[in-house]
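# Remarks on the overall topology
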Amino acid sequence: METISILVLFISFMGLLAYGVPVAYSIGISTTLTLLINIAYMPATTTVSQRMTTGIDNFALLAIPFFILAGEIMNRGGIANRLIDFAKSLIGSLPGGLAYVNIISAMLFGAISGSAIAAASAIGSTLTEKMAKDGYPREFSAAVNISSSTTGLLIPPSNVLIIFALASGGTASVAALFIAGYIPGILVGLAIMAMVYFYARKKGLPKEERVSFKKLFHDFKRAILSLTLLVIVVGGIVAGIFTATEAAAIAVVYAVLLGFINKELKFSDFRSILLRSAKTTAIVMFLISTSMAMSWLFSFESIPQSLTGFLLESVKNPLIVLLFINITLLVVGTFMDMTPAVLIFTPIFLPVVMAMGMHPVQFGMVIVLNLCIGVCTPPVGTLLFVGSGVAKVPVTKVIKPLLPLLAVMTAVLLMLTYIPELSLWLPRAFGLIE
């Protein structure tokens, strides 16, 4: 692509974002403008619309609306409260116990629903008021809720991992990515717990009363049906019983049955559930379609190949290249949503890291965790605003207690970048990758 075209693409995209144009529209408009400046691409609008349509013409993407619907049903069906009760019985007796409960609950609910925002809303709205009554600073509670909710984007089933599998062009399977996400997701949760431990000791945060084994077993029985969904969905995919799309449909049926079994879901709830799911699906699919058009433009003009050659020739040390990619993705994550960022930057950076010997599954964990940090940071950080809103505290007050938690998440990111087995050991053990 000519220099002028690259400048038009970059300046128009950044300018539209700075002006407050939604990301999806910014991507579509900047792609169209870039095609229009070259006489060879006169049918620009036709080309972009075709690429948007073909970009979402993929069977694997059907999993996304199903998982979104399943998450909405679970959010209404009382699953969050059961997971919180179980986590409280399990670990609430430690100093700062409710903060640990928040982390464990967010990991479990995020993994079941596949949505960080759903986890932050469901867990935060239930726990924040109780934590405030027990003397926890609201901004600290919000920071813990925000950071821990990202674990659901790594621990399967995760919509963003499905999107990465699509963006990788089939070099990373959904099953391998799902299994690979367990260790990184758990590491992030443990890192946040470690930081909470030091904070709790320093501030003298309260702890819950130790519960009897009978109470623990009772709460476990109430939560077991919810936790079983993880076994059914991920186990079925890994065992080859069904695809990710079929697993998502099964998750919807299971969530409906569970909601009625728990007696917390009514037929009258379905209208609002379906409306919210449809709106979320429309937003996600429009983001995917415009991002796929821009990704096609990159591929058509051989930008990934040019970047690969430039980086490998100009920077001889692979460690520095990986650090550069991480910094770039961290910056990108501060102003771009996860879905378009994965679809745009995976085709650009994946050839680079593969040329250096990094497995696509490992890179999937790296890019997703990068962008998990991004959704917690201003100015765009969706999760930051959701978590602050749920806790009823200004965003500016959440930043300070959030910074140490983001620091430990960044430390885990560096471990994933430079220690391949943290991402690859489980997929290899299950025979999903060589």
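Just above sits the structure.
We now turn to the structure provided with this report. Being a predicted model, the structure only gives us computed values, none of them experimental. (Residues numbered from 1 in each chain as written. Predicted model: local features only at pLDDT ≥ 70, side-chain atom pairs only at ≥ 80, totals over all residues. Heavy atoms only, no water.)

### A short note on the environment of Ala118
Secondary-structure assignment places Ala118 in helix 7 (residues 116–133). Taking the relative accessible area as the measure of exposure, Ala118 reaches 13% and is therefore buried. Distance in space between the C-alpha atoms of Ala118 and Met74 is 9.3 Å, their sequence separation being 44 residues. (Helix = DSSP H or I, 4+ residues; strand = E, 2+ residues; numbered from the N terminus. Buried < 20%, exposed > 50% of the residue type's maximum accessible area, 1.4 Å probe, protein only.)

### A few points about helix 14 (residues 270–300)
In a regular helix each residue adds 1.5 Å, so 31 residues correspond to 45 Å; helix 14 covers 44 Å between its end C-alpha atoms and thus fits that length. The first or second residue beyond helix 14 is Ser302, which carries a positive phi of 60°. (Expected span 1.5 Å × (residues − 1).)

### What to know about the pattern of salt bridges
In a structure, side chains of opposite charge can pair up when their charged atoms sit close to one another. Considering all chains together, one arrives at five salt bridges under this definition. Across the pair Arg82 and Glu264 runs a salt bridge, and its minimum N-O distance is 2.8 Å. Here Arg82, found in helix 5 (residues 79–91), pairs with Glu264, found in the loop between helix 13 (244–261) and helix 14; they are 182 residues apart in sequence, far enough to count as distant. The class for Arg82 is buried, based on a relative accessible area of 10%. Using a relative accessible area of 32% as the deciding quantity, one classes Glu264 as partly exposed. (Salt bridge = Lys/Arg side-chain N within 4 Å of Asp/Glu carboxyl O.)

### Re helix 12 (residues 213–238)
At Ile224, helix 12 shows its largest bend, some 45°. Within the span of helix 12, buried status applies to Asp219, Ala223, Ser226, Leu227, Leu229, Leu230, Val233, Val234, Gly236 and Ile237. Gly240 sits one or two positions beyond helix 12 and adopts a positive phi of about 80°. (Bend = angle between axes of the 7 residues up to and from the residue.)

### Section: unusual backbone geometry
In this structure, the amide linkage connecting Pro156 to the following residue, Pro157, adopts the cis form with an omega of -5°. Backbone geometry places Lys263, a non-glycine residue, at a positive phi of 60°. With respect to the helices and strands, Lys263 occurs in the loop between helix 13 and helix 14. Even without a glycine there, the phi angle at Lys392 is positive, about 60°.

### Observations concerning the state of the cysteines
Evaluation of the coordinates by the stated rule reveals zero disulfides. Residue Cys372 stays outside any disulfide, its sulfur separated by 7.3 Å from that of Cys376, the closest cysteine. Cys372 gets classed as buried once you look at its relative accessible area, which sits at 0%. (Disulfide = S-S within 2.5 Å.)

### Brief notes about the packing of aromatic side chains
Inspection of every chain in the model, using the stated rule, returns ten aromatic pairs. Ring plane angle 45° and centroid distance 5.0 Å describe the contact between Phe260 and Phe267, whose orientation is recorded as tilted. Assessed through its relative accessible area of 30%, Phe260 is described here as partly exposed. With centroids separated by 6.3 Å and ring planes inclined at 35°, the aromatic side chains of Phe267 and Phe270 adopt a geometry described as tilted. Under the relative-accessibility criterion, Phe270 is labelled buried at 18%. (Phe/Tyr/Trp six-rings, centres within 6.5 Å; stacked < 30°, edge-to-face > 60°.)

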